[in-house]
Amino acid sequence: MVVGGKKMAKQRRKYRKYNRKNSRSGSKYPHRQKYYVVRNGREVGIFMSWPKCKSLVDHYRNAEFKSFTTYEAALRWYLGDGYTREEKEEIVEEILATNWRG
């Protein structure tokens with residue numbers, strides 16, 4: 001007799017799949033750079049480290065921040081609602097052409 005039966009075997013498979021998918025070593029992109037955008041905090045901008053971002057938004061009332069895996073997406077969110085879609089695209093292209101270090 002198998003201990004746990006079919007239900008336990010199914011849970012073990014699910015657990016292994018979850019760990020493979022979410023572990024750092026099993027990740028498809030283990031060292032992917034993240035970009036942290038602060039739109040409302042002690043200092044606003046796009047940052048490359050979570051500790052720096054956290055220090056700017058911790059205990060700050062109505063802090064607005066978010067993380068992204070691409071610089072372009074971070075920049076679009078940082079620009080916010082003050083621009084039309086065409087203006088945003090133009091600004092993003094201009095910034096990427098001059099400041100991109102990727």
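Rules used throughout
- Chains are numbered independently. Their residues run from 1 in the order of the written sequence.
- It should be noted that, the model being predicted, local features are given only for residues of pLDDT at least 70 and side-chain atom pairs only at 80 or more, the latter also being counted only at that level, while totals for whole chains, interfaces and linings use all residues.
- The basis for every side-chain value is the complete set of non-hydrogen atoms in the structure, without hydrogens or water.
- In this analysis, rings of Phe, Tyr and Trp, with Trp reduced to its six-membered ring, are considered paired at centre separations within 6.5 Å, and the interplanar angle assigns stacked below 30 degrees, edge-to-face beyond 60, and tilted for intermediate values.
- Each helix is a run of DSSP H or I of at least 4 residues and each strand a run of E of at least 2, with the numbering of both proceeding from the N terminus.
- Note on exposure labels: buried denotes an accessible area under 20% of the residue type's maximum, exposed denotes more than 50%, and partly exposed covers the range between, all computed with a 1.4 Å probe on protein chains only.
- Lysine and arginine charges are scored as sitting over a ring when NZ or CZ, respectively, is within 6 Å of the ring centre and within 35 degrees of the ring normal.

(A) Up close: the packing of aromatic side chains. Going through the model one piece at a time under the given rule, you end up with four aromatic pairs. Ring centres of Tyr35 and Tyr71 lie 5.7 Å apart, and the angle between their planes is 75 degrees; this geometry places the pair in the edge-to-face category. Of this pair, Tyr35 sits in strand 1 (residues 35-40) while Tyr71 sits in helix 3 (residues 71-79), and the two are 36 residues apart along the sequence. Exposure class is identical for Tyr35 and Tyr71. Each is buried. Taking the centre distance of 6.0 Å and the plane angle of 40 degrees together, the rings of Trp50 and Phe65 count as tilted. Placement of the pair is Trp50 in helix 2 (residues 50-57) and Phe65 in strand 3 (residues 64-68), with a sequence separation of 15 residues. Among the residues examined, Phe65 registers a relative accessible area of 38% and is labelled partly exposed. A cation over a ring is seen here: Arg39 above Trp77, with NZ or CZ 3.9 Å from the ring centre.

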